[in-house]
There are 2 protein chains.
Amino acid sequence: MVLMKNGSEKYFDIAIEEAKSGIDSDEGGPFGAVIVKDGKIIASAHNEVIKTNDPTAHAEILAIRRASEKLSRFDLSDCTIYSTCEPCPMCFSAIHWAKIKNLHYGCDNTDAAQIGFDDKFIYDVIRGVSNNQKVNSIQEHKEKCMLLFEMWEEKKDKVQY
Amino acid sequence: MVLMKNGSEKYFDIAIEEAKSGIDSDEGGPFGAVIVKDGKIIASAHNEVIKTNDPTAHAEILAIRRASEKLSRFDLSDCTIYSTCEPCPMCFSAIHWAKIKNLHYGCDNTDAAQIGFDDKFIYDVIRGVSNNQKVNSIQEHKEKCMLLFEMWEEKKDKVQY
């Protein structure tokens, strides 16, 4: 008897293999992601924060960068992303910027927090439910910076994205 | 009479010049950022979404990537970031992951929304105040994915980041 994997399970399995290879090779944390278009995987990635020293090198960010490079467009609205863990707010927002409409994930951010990856803390800060801000934010020189927006508004040949 | 610029203004001026060069060269939207350590600019960037087709190529993300590459570490807790606009939730979260403690910004995300950059929408989704979800999220295959977290927990020589 051959056990057929359902549609999403085969993509999760590749994402899990990605994550495993990242752990084994000391390249990053236990996270993998794949991006699928028309039933085919067009990009896969695992977390590479340790390997690259880049704190933004999460699996989903790398998968989005690879997929957009492959398709030569920043609009991935015809793609689906599969991630072994619920995306942190950085990656969740990146999924929005990429216009991806469907996200499937395995573990959630409460699980991630329990092994030391505190996405949940950042979600709580954004939601205004954390009393412990780690980043001091100051708004200043707004007038000068607004000139950039006027310049953009007046630009005739701009690509709106 | 020489008008002295205050501490932050000189960094904003560089970030503004970055943004202008990105607009002029059609590389991206009207956003620039610089990262400063010990009073010196160690990385600067403008939005490169159009140039690179990478939807994650926001000024702050690129500045963080360049700074961490330059310092060969993912911990930028001794750095300050200056951005011409309030970071979107992707970049705000990246600032947390980079452990940057001080953020100075010019325009805010309401201003950005008015010229078509809808960071505010993503903030509203995360805060649960938007009724209009653009990303359908499904949690599945959690059990399989949790094995990755066990693998990570059991790994003896891991770099916690």
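Residues numbered from 1 in each chain as written. Chains lettered and ligands numbered in written order. Predicted model: local features only at pLDDT ≥ 70, side-chain atom pairs only at ≥ 80, totals over all residues.

## What to know about the interface of chain B and chain A
- Between chain B and chain A, the contact holds 72 residues from the first and 72 residues from the second.
- Looking at the side of chain B that touches chain A, the element that brings in the most residues is helix 7 (residues 142-154) of chain B, giving 9 residues.
- Bridging between strand 4 (residues 102-107) of chain A and strand 5 (residues 136-139) of chain B involves 4 bridges; their strand directions are parallel. Across the sheet, the residue bridging to Leu103 of chain A is Ser137 of chain B, located in strand 5 of chain B. (Contact = placed C-beta atoms within 7 Å. Helix = DSSP H or I, 4+ residues; strand = E, 2+ residues; numbered from the N terminus. Pairing = 2+ DSSP bridges.)

## Points about helix 6 (residues 119-127) of chain B
- Within helix 6 of chain B, the full set of buried residues consists of Asp119, Ile122 and Tyr123 of chain B. Mapping the buried residues of helix 6 of chain B onto a view down its axis gives an arc of 100°, with all of them on the same face.
- In this fold, the buried residues of helix 6 of chain B make contact with helix 4 (89-97) and helix 6 (119-127) of chain A together with helix 4 (89-97) and helix 5 (109-114) of chain B.
- Immediately downstream of helix 6 of chain B, the backbone of Gly128 of chain B shows phi near 75°, a positive value. (Buried ≥ 20, exposed ≤ 12 C-beta atoms within 10 Å, placed from the backbone. Arc of directions from axis to C-beta.)

## What about the relation of the copies chain B and chain A?
- Superposition of chain B onto chain A requires a rotation of 180° combined with a translation of 0.0 Å along the rotation axis, giving an RMSD of 0.0 Å. In short, the pair behaves as if placed about a two-fold rotation axis. Within chain B, the C-alpha atom positioned nearest to the axis of rotation is that of Met90 of chain B, 1.9 Å from it.
- Of the residues that chain B buries at the interface, 100% are likewise interface residues in chain A, meaning the two copies contact each other through the same surface. (Least-squares fit on C-alpha atoms with pLDDT ≥ 70 in both.)

## Notes on the pairing of strand 2 (residues 40-46) of chain B
All names here are of chain B.
- Of the strand pairs in this sheet, strand 1 (residues 32-37) and strand 2 are connected by 6 bridges, and their pairing is antiparallel. By the bridge assignment for strand 2, Val34 is matched with Ser44.
- Count of turn residues in the strand 1/strand 2 antiparallel hairpin: 2 residues, of which Asp38 carries a positive phi of about 50°.

## Digging into the confidence of the model for chain A
- The predicted model of chain A has a mean per-residue pLDDT of 94, with 96% of residues at 70 or higher.
- The complex model carries a pTM of 0.94, and its ipTM stands at 0.94. (pLDDT = per-residue confidence, 0-100.)

## Concerning the packing of helix 4 of chain A against helix 4 of chain B
- Two elements in contact, helix 4 of chain A and helix 4 of chain B, have axes separated by 7 Å at closest approach and are oriented at 155°. Classified by the interaxial angle, the pair formed by helix 4 of chain A and helix 4 of chain B is roughly antiparallel. Note on packing geometry: the crossing formed by helix 4 of chain A with helix 4 of chain B is left-handed. Here Pro89, Met90, Ser93, Ala94 and Trp97 of chain A of helix 4 of chain A come into contact with helix 4 of chain B, specifically with Pro89, Met90, Ser93, Ala94 and Trp97 of chain B.
- A class-by-class count of the residues in the contact of helix 4 of chain A with helix 4 of chain B yields 8 nonpolar, 2 polar and no charged. (Axes fitted to C-alpha atoms, helices over the stretch in contact; angles between N-to-C directions. Parallel < 35°, antiparallel > 145°, perpendicular 65-115°, else oblique. Left-handed = near helix turned anticlockwise from the far one by under 90°. Nonpolar A, V, L, I, M, F, W, Y, C, P; charged D, E, K, R; others polar.)

## With respect to the nonpolar core
- If you look at the biggest cluster of nonpolar residues, it comprises 92 residues, and the most contacted ones within it are Ile35 and Ala63 of chain A together with Ile35 and Ala63 of chain B.
- Residues within four places of Ala63 of chain B in sequence aside, it is in contact with Ala33, Val34, Ile35, Ala43, Ser44, Ala45 and Ile81 of chain B. (Core = buried A, V, L, I, M, F, W, Y, C linked by C-beta atoms within 7 Å.)

## Structural notes on the sheet that holds strand 2 (residues 40-46) of chain A
- Read across the open sheet, the 5 strands follow the order 2(A)-1(A)-3(A)-4(A)-5(B); overall the sheet is mixed. Both edges of this open sheet fall to strand 2 of chain A together with strand 5 of chain B, since each of them pairs with a single strand only. Neighbour-to-neighbour, the strand axes of this sheet turn through a mean angle of 20°, independent of strand direction.
- In this structure, strand 1 (residues 32-37) of chain A lies alongside strand 3 (residues 79-85) of chain A, joined through 5 bridges in antiparallel fashion. Each residue of the ladder has a partner; that of Lys37 of chain A, found in strand 3 of chain A, is Cys79 of chain A.
- Each of strand 3 and strand 4 of chain A together with strand 5 of chain B touches helix 7 of chain B; the most contacted strand, strand 4 of chain A, lies at about 60° to it.

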